[in-house]
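Read off the chains here:
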Amino acid sequence: LGILAATPAVAAEEVTFKAKTQGDEELTLAGELTRPKGDGPFPAVVLLHGCAGIKEYHQTWAKRLINWGYVALLVDSFGPRGESNVCDNVFSINATMRALDAHTAKSYLARLPFVDDNRIAVMGWSHGGWTTLYALNMPNPIEGDPFRAAVAFYPYCEKSMTALDTPLLILIGELDDWTPAILCKMVMPKKKTAHEVILKVYPGAYHGFDIEGLDVTYQGHKLKYDPDAAADTIVRTKEFLTKHMQ
């Protein structure tokens, strides 16, 4: 099925699903599920928020994906664990824990009758971008099959990109002092890999460059909206998903 433009959407639905965890912990994850109208099956995207939890700009991205013809599942990794913000202790709910959340969400989507289980991608921002990289380096512990595509906004790049099981697009600002772009450059593959890995660094852009109106110093880091970079990410993300999800 082709990706449709301006696809009508069904109202967002609050959903829950049992999570796979590192130990014997029983955890029920929550999320916001939005879908295009119609029977599908549609491609789908798992969305992973940053260290401050779910914000309006994540929901804006979900709506954008619906308009492109995707089901969107915005996963709340913090609320079910009794947290709302971990920016002062980003390891308290770490990337490995959240990578399991991402795979659990993928498995949940794959069981829905209106989702094409062979076309599920993942997108994450900051802490969620860091999580995205972990999810691509982790063999899927639930269904076994990898995500079809992945987009990471300003992730903390500490994982090698040489053996990912999924095509990856990284979008990051040149002046990001929270998740420095230089770290992503250092771990980029030096040779051709099995899956495409693209790093786009935006000159003059800071952390959070895609969040409209943002201009603050938070936790000692500069966060600032960059309209040109933000507009470019929309184009690049749409093209990347279309390329790898069709």
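Just above, that's the structure.
Residues numbered from 1 in each chain as written. Predicted model: local features only at pLDDT ≥ 70, side-chain atom pairs only at ≥ 80, totals over all residues. Heavy atoms only, no water.

### Description of the pattern of salt bridges
Following the criterion strictly, the structure yields 6 salt bridges and no others. When the shortest N-O distance is used, the salt bridge between K106 and D145 registers 3.0 Å. With K106 in helix α2 (residues 95-110) and D145 in the loop between α3 (127-137) and β6 (150-153), this residue pair connects regions lying 39 residues apart in the sequence. Accessibility expressed as a relative area gives 29% for D145, which makes it partly exposed. Between K243 and E196 there is a salt bridge whose closest N-O contact spans 3.0 Å. Of this pair, K243 sits in helix α5 (residues 227-245) while E196 sits in the loop between α4 (181-187) and β8 (197-202); the two residues are 47 residues apart in sequence, bridging distant segments of the chain. Taking relative accessible area as the criterion, E196 reaches 28% and is therefore assigned partly exposed. (Salt bridge = Lys/Arg side-chain N within 4 Å of Asp/Glu carboxyl O. Helix = DSSP H or I, 4+ residues; strand = E, 2+ residues; numbered from the N terminus. Buried < 20%, exposed > 50% of the residue type's maximum accessible area, 1.4 Å probe, protein only.)

### A few points about the nonpolar core
Ranked by size, the top nonpolar core spans 83 residues in total, and within it L109 and L168 carry the most contacts. Of all the elements, α2 adds the most residues to this core, at 8 residues. Setting aside its immediate chain neighbours within four residues, L109 contacts L33, A44, V46, V71, L73, V115 and I120. (Core = buried A, V, L, I, M, F, W, Y, C linked by side-chain atoms within 4.5 Å. Contact = heavy atoms within 4.5 Å.)

### Considering the pairing of strand β2 (residues 28-36)
A regular strand places its side chains so that they alternate between the two faces of the sheet. Counting buried residues in β2 gives 7 out of 9 residues, a clear majority hidden from the surface. Both β2 and strand β4 (residues 71-76) contribute to a ladder of 5 bridges, which runs antiparallel. Within the sheet, the bridge partner assigned to E32 lies in β4 and is L74. (Pairing = 2+ DSSP bridges.)

### Considering the state of the cysteines
Enumeration over the complete set of coordinates arrives at 2 disulfides. The disulfide that involves C51 links it to C87, with 2.0 Å between the sulfurs. On the sign convention where negative means left-handed, the S-S torsion of about 90° between C51 and C87 marks this disulfide as right-handed. Of this pair, C51 sits in the loop between β3 (42-48) and α1 (56-67) while C87 is found in the loop between β4 and α2, placing the two residues 36 residues apart along the sequence. (Disulfide = S-S within 2.5 Å.)

### Side note on unusual backbone geometry
For residues other than glycine, phi is negative in most cases, and the peptide bonds are mostly trans. In this structure, the amide linkage connecting G40 to the following residue, P41, adopts the cis form with an omega of 5°. Its identity as a non-glycine residue notwithstanding, Y154 has a phi of 35°, on the positive side. Summarising the element assignment, Y154 is placed in the loop between β6 and β7 (168-173). For Y154, a relative accessible area of 1% gives the class buried. Despite not being glycine, Q219 has its phi angle at roughly 55°, a positive value.

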